Amino acid sequence: MDFEELIHQARDTPFEGWDFSFLRGRVTYEGELPWDYERLAREHLRNAASLLDLGTGGGELLAGLAPLPPRTAATEGYAPNLPIARARLEPLGVEVAEDTRPFPDASFDLVLNRHESYDPAEVRRLLAPGGRYLTQQVSGRDLEELNAALGGPPHPHHAWDLASATAALDRLEITWSEEASFTTTFHDVGALVLFLRAVPWQVPGFDVSAYGDRLRAVHQDMARGRPLRATARRFALLAVAR
């Protein structure tokens, strides 16, 4: 497809929840994380009687962890995902709230968080004594090559990394942490626009019309066999309330 067709398709393609399968084959990955977040979550679920999943998206991952503890809840602050998460999770007995305010202090002995921003003080409040907080986070420098290629501003939390996350959780005991990176390759400009529709915070203020010239230049590079490569950066940690 030519540039206009790819852009038109990217603008009109519907998506929902936190399922990026619509980009399969158009965005590829080289390398992998040295840890498996889902496997780690399952391991800690074995000894959990209560669970909270922060930023559950459409509930895809949490539903896949079933059977779940007797007391399981989730939050989702992105309004379009909230009804999707409730439709998927409420039949499993999971309460889905917009944020953590409805939950009393020391409510959960396991809090999971994959890629959701969080308030360290609120995590401490929610954890029961001995409770565990397992999170995988996206670094503030994640895919910064996209911002550079489009001439856009950097991510607003550019300095967010393992060191800053660890320091912010100083009242919890960090028992494990790790950081890693891998290469993400965008093979067509439509896939890039679709991705930025799904994660609009990557390039603050992104709009197809405003970035039309830059997008066309990226498309021309791709047509010449130069796909857009960017470095995905992740870190993860396990913290325990004492």
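See the structure printed just above.
Values in this document were obtained by computation on a predicted structure and should not be read as measured data.

A. Molecular detail of the packing of helix H1 (residues 3-12) against helix H8 (residues 189-198). For the pair H1 and H8, the least separation of the axes is 8 Å and the interaxial angle reads 25 degrees. As the angle between them shows, H1 and H8 are arranged roughly parallel. Crossing hand, H1 versus H8: right-handed. Here Phe3, Leu6, Ile7, Ala10, Arg11 and Asp12 of H1 come into contact with H8, specifically with Val189, Gly190, Val193, Leu194 and Arg197. A class-by-class count of the residues in the contact of H1 with H8 yields seven nonpolar, one polar and three charged.

B. Structural context of the side chain of Thr75. Tracing the backbone shows Thr75 in strand S3 (residues 71-75). Judged by its relative accessible area of 5%, Thr75 is buried. Not counting residues within four places of it along the chain, the set of residues in contact with Thr75 comprises Leu52, Asp53, Leu54, Gly55, Thr56, Ala97, Glu98, Asp99, Thr100 and Phe103.

C. Broad picture of the environment of Trp160. Note on placement: Trp160 falls in the loop between helix H6 (144-150) and helix H7 (162-168). By relative accessible area, which is 23% here, Trp160 ends up partly exposed. A sequence separation of 19 residues divides Trp160 from Arg141, and the C-alpha atoms of the two residues are 7.7 Å apart. Apart from the residues within four sequence positions on either side, Trp160 is in contact with Tyr118, Gln137, Val138, Ser139, Gly140, Ala165 and Phe235.

D. Representation of the layout of surface pockets within the structure. The calculated volume of the second largest pocket comes to roughly 180 Å³. As for the second largest pocket, its lining consists of 13 residues, and the residues nearest its centre are Leu54, Thr75, Thr100, Glu116 and Ser117. Considering each element in turn, the lining of the second largest pocket owes the most residues, three residues, to helix H5 (residues 120-126). Partitioned by chemical class, the residues of the lining of the second largest pocket number four nonpolar, four polar and five charged.

E. Fine view of the nonpolar core. The biggest cluster of nonpolar side chains holds 52 residues, and the ones touching the most others in it are Phe206 and Leu215. Per element, the largest residue contribution to this core is seven residues, and it comes from H8. Beyond its immediate stretch of four places on either side in the chain, Leu215 contacts Phe3, Ile7, Leu150, Val189, Leu192, Val193, Phe206 and Val208. Counting 20 residues, the second largest nonpolar core, distinct from the first, contains Leu52, Phe108, Leu169 and Leu237.

F. Main features of H1. Buried within H1 we find Phe3, Leu6, Ile7 and Ala10. For H1, the arc enclosing every buried residue in end-on projection is 95 degrees, short of the 170-degree limit, so these residues lie on one face. Exposed residues on H1 whose side chains face more than 90 degrees from its buried face are His8 and Asp12. Among the structural elements, H8 and helix H9 (212-223) are those in contact with the buried residues of H1. For H1, the N-terminal capping position is held by Asp2, with its side-chain oxygen 3.3 Å away from the main-chain nitrogen of Glu4.

G. Spatial organisation of the sheet that holds S3. Pairing is mixed across the open sheet formed by eight strands, whose spatial order is S1-S7-S8-S6-S5-S2-S3-S4. The open sheet terminates on both sides in strands that have one partner only, identified here as strand S1 (27-30) and strand S4 (95-97). The mean angle between the axes of side-by-side strands here comes to 20 degrees, regardless of whether they run parallel or antiparallel. Pairing of strand S7 (residues 173-186) with strand S8 (residues 228-240), which is carried by 13 bridges, proceeds in the antiparallel orientation. Looking at the pairing, Thr185 lines up with Arg229 of S8. Across the sheet, helix H2 (residues 37-45) is in contact with strand S2 (50-54), strand S5 (108-114), strand S6 (127-138), S7 and S8; its angle to S6 comes to roughly 170 degrees.

H. How the structure looks around the pairing of S8. Judged by how many residues are buried, S8 sits mostly within the fold: 11 of 13 residues are covered. Where S6 meets S8, seven bridges bridge the pair, whose relative direction is antiparallel. Within S8, the position partnered with Gln137 by the bridge is Phe235.

I. Structural view of the packing of aromatic side chains. Tallying each qualifying case throughout the model produces eight aromatic pairs. A ring pair is formed by Tyr29 and Phe182, whose centres lie 6.1 Å apart and whose planes are at 70 degrees; its orientation type is edge-to-face. Of this pair, Tyr29 sits in strand S1 while Phe182 sits in strand S7, and the two are 153 residues apart along the sequence. Phe182 gets classed as buried once you look at its relative accessible area, which sits at 14%. Among the aromatic side chains, those forming a connected cluster through ring pairs are Tyr118, Tyr133, Trp160 and Phe235.

Procedures and definitions
- Residues numbered from 1 in each chain as written.
- Predicted model: local features only at pLDDT ≥ 70, side-chain atom pairs only at ≥ 80, totals over all residues.
- Heavy atoms only, no water.
- Axes fitted to C-alpha atoms, helices over the stretch in contact; angles between N-to-C directions.
- Helix = DSSP H or I, 4+ residues; strand = E, 2+ residues; numbered from the N terminus.
- Parallel < 35°, antiparallel > 145°, perpendicular 65-115°, else oblique.
- Left-handed = near helix turned anticlockwise from the far one by under 90°.
- Contact = heavy atoms within 4.5 Å.
- Nonpolar A, V, L, I, M, F, W, Y, C, P; charged D, E, K, R; others polar.
- Buried < 20%, exposed > 50% of the residue type's maximum accessible area, 1.4 Å probe, protein only.
- 1 Å grid on protein atoms, 1.4 Å probe; cavity = no way out; pocket = protein on both sides within 12 Å on 5 of 7 lines; lining within 4 Å.
- Points joined across faces, edges and corners; volume = space filled by probe spheres on them.
- Core = buried A, V, L, I, M, F, W, Y, C linked by side-chain atoms within 4.5 Å.
- Arc of directions from axis to C-beta.
- Polar contact = N/O pair within 3.5 Å; in protein donor to acceptor, adjacent residues only side chain to side chain.
- Pairing = 2+ DSSP bridges.
- Phe/Tyr/Trp six-rings, centres within 6.5 Å; stacked < 30°, edge-to-face > 60°.

So yeah, pure geometry; function would need other evidence.
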